[in-house]
Amino acid sequence: MSSSWDVIVDALPVLAQGSVVTLKITVISLFFALLIGLLFGLMSTSRSKLLRGIATAYVDFLRGTPLLVQIFFIYFGLPPVLDIKIPETTAGILALSLNAGAYLAEIFRGGILSIDKGQMEAARSLGLSHGKAMRLVILPQAVRRMIPAFVNQFIVTLKDTSLLTVIGIRELMNSGEIIISSNFRSFEIWAVVAVFYFLMIYILSLLSRSLERRFAK
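Residues numbered from 1 in each chain as written. Predicted model: local features only at pLDDT ≥ 70, side-chain atom pairs only at ≥ 80, totals over all residues. Heavy atoms only, no water.

Under an unreviewed UniProt entry, the name given to the protein is Glutamine ABC transporter permease protein, and the organism recorded is Brevibacillus brevis. UniProt, in its Sequence similarities (unreviewed entry) section for the protein, records the words "Belongs to the binding-protein-dependent transport system permease family." Its UniProt record gives the protein the following Subcellular location (unreviewed entry) comment, quoted word for word: "Cell membrane". (UniProt positions renumbered as here; feature names shortened; annotations may be inferred.)

Now the structure itself:
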C-alpha cells in the first residue's frame, strides 16, 4: 500500500489540470452570465411591462429550478428535440451561464435601483438620452456597489462546476472521482480536492476585499 503522501503527490498533476478546467469553465460561464444578467437587469428596470414581465419570468424560472435539472435538460433533453448533439463542455457552460445570469440580473436590478432617482433626472435634464444616462451615469455608480455581489456569484459558480461531473466534464470533481476509481484512496483524494477548491475561493475572497478597499477610497 502506498503512503498517503505518495497518493497525494501522484494525484496532484491530474487534480491541478482539473482545477484549470474548472477555472476556465467558470470564467467563460461568468462572462456570458454578466451579459445575460445585464440584459435582463436592464429589462427588469424598464418602463415596459412586457420587458419587465419577460425578465421576471426568466429570473423566477431559473432561480426556482435546481441547477442539476437545468444541466440534464440542456445536455439530455434538448438534443433529441433539436436533433443536434451538444458537447459536454458547451452544455455545462450554457447551463452555468443561464443559471448565474438569473442571479446576476437581480444583482444588476438591485444595484440600478439603489442609485438615487435624481441622478437619472439630472442626466436627462442635461440632454442625455435614457440609454446614455444609464450607461454613463447610473451603471458606473451601480457597478461599484455590486462588486462584492459579483465576486460572491463568481464563488458560487465556481463551486457549481462540481455538478458538471454528472455529464462527464473533466473538471476538478470529476478528476477526483477518476483517481479514486483507480486507487480507492477516497480520504486523501477528497481532502486534496477540498484544498484545491478552498485555495481558489480564498484567492477570490482576497481579491474581493482588495477591490472593496480600492473603491472605498
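Still more ground to cover, so stick around.
### Details of the pattern of salt bridges
Side-chain pairing between opposite charges can occur once the charged atoms of the two side chains come close. In this structure the tally under the stated criterion is 2 salt bridges. Note that Glu106 and Arg109 form a salt bridge whose closest N and O atoms lie 3.2 Å from each other. Residue Glu106 and its partner Arg109 are both found in helix H4 (residues 88-113); the two are separated by 3 residues, about one turn of the helix. (Salt bridge = Lys/Arg side-chain N within 4 Å of Asp/Glu carboxyl O. Helix = DSSP H or I, 4+ residues; strand = E, 2+ residues; numbered from the N terminus.)

### Structural notes on helix H2 (residues 49-64)
Here H2 contains 16 residues, and its C-alpha end-to-end distance of 22 Å stays within 8% of the 22 Å for a straight helix at 1.5 Å per residue. Turning to H2, its buried residues are Ala55, Tyr58, Val59 and Leu62. Within H2, the buried residues cover an arc of 90° as seen down the axis, which keeps them to one side. Relative to its buried face, H2 has exposed residues pointing more than 90 degrees away, namely Lys49, Leu50, Phe61 and Gly64. Looking at the buried side of H2, the elements it contacts are helix H1 (4-44), helix H3 (67-82) and H4. (Expected span 1.5 Å × (residues − 1). Buried < 20%, exposed > 50% of the residue type's maximum accessible area, 1.4 Å probe, protein only. Arc of directions from axis to C-beta. Contact = heavy atoms within 4.5 Å.)

### Describing the packing of aromatic side chains
Counting across every chain of the model gives 6 aromatic pairs. Ring plane angle 55° and centroid distance 5.4 Å describe the contact between Phe108 and Phe150, whose orientation is recorded as tilted. Taken together, the residues span a long stretch of sequence, with Phe108 in helix H4 and Phe150 in helix H6 (residues 130-160) at a distance of 42 residues. Looking at Phe150, the relative accessible area reads 18%, which means it is buried. Grouped by ring-pair contacts, the aromatic residues Phe72, Tyr75 and Phe76 constitute a single cluster. (Phe/Tyr/Trp six-rings, centres within 6.5 Å; stacked < 30°, edge-to-face > 60°.)

### Quick look at the UniProt feature "transmembrane region" (unreviewed entry) in the protein
As recorded in UniProt, the feature "transmembrane region" (unreviewed entry) lies at residues 20-43, 55-78, 90-108, 149-169 and 189-207. Helix and strand shares over residues 20-43 are 100% and 0% respectively, and the end C-alpha atoms of the span are 34 Å apart. Its end C-alpha atoms 27 Å apart, residues 189-207 is made of 100% helix and 0% strand.

### Side note on H6
A rise of 1.5 Å per residue sets the reference length of H6, with its 31 residues, at 45 Å; its end C-alpha atoms lie only 36 Å apart and thus fall more than 12% short of the reference. In the structure, H6 departs most strongly from a straight axis at Met146, where the bend amounts to approximately 50° and where the proline Pro148 lies between one and four residues downstream. (Bend = angle between axes of the 7 residues up to and from the residue.)

### Focus on the nonpolar core
The biggest cluster of nonpolar side chains holds 18 residues, and the ones touching the most others in it are Leu15, Leu158, Leu172, Ile189, Val193 and Tyr197. Listing elements by their share of this core, those giving two or more residues are H1, H6, helix H7 (172-183) and helix H8 (186-216). The element best represented in this core is H8, accounting for 8 residues. Discounting residues that sit within four places of it in the chain, Tyr197 has contacts with Leu158, Thr161, Ser162, Glu171, Leu172 and Met173. By size, the runner-up hydrophobic cluster in this structure holds 17 residues, among which are Leu30, Met134, Ile138 and Phe150. (Core = buried A, V, L, I, M, F, W, Y, C linked by side-chain atoms within 4.5 Å.)

### What about the environment of Asp160?
On the secondary structure map, Asp160 appears in helix H6. Taking C-alpha positions, Asp160 is 29 Å from Gln141, a pair spaced 19 residues apart along the chain. With residues up to four places along the chain from it excluded, the contact list for Asp160 reads Leu67, Leu96 and Asn99.

### With respect to the UniProt feature "domain: ABC transmembrane type-1" (unreviewed entry) in the protein
In the numbering used here, UniProt assigns the "domain: ABC transmembrane type-1" (unreviewed entry) feature to residues 19-208. Its end C-alpha atoms 20 Å apart, residues 19-208 is made of 84% helix and 0% strand.

### Regarding the packing of H1 against H6
Two elements in contact, H1 and H6, have axes whose closest approach is 11 Å; the angle formed by their N-to-C orientations is 140°. In terms of axis orientation, H1 runs oblique to H6. Crossing of H1 against H6: the hand is right-handed. Contacts between H1 and H6 pair Thr22, Leu23, Thr26, Val27, Leu30, Leu34, Leu38 and Leu42 from the former with Met134, Leu139, Phe150, Gln153, Phe154, Thr157 and Leu158 from the latter. (Axes fitted to C-alpha atoms, helices over the stretch in contact; angles between N-to-C directions. Parallel < 35°, antiparallel > 145°, perpendicular 65-115°, else oblique. Left-handed = near helix turned anticlockwise from the far one by under 90°.)

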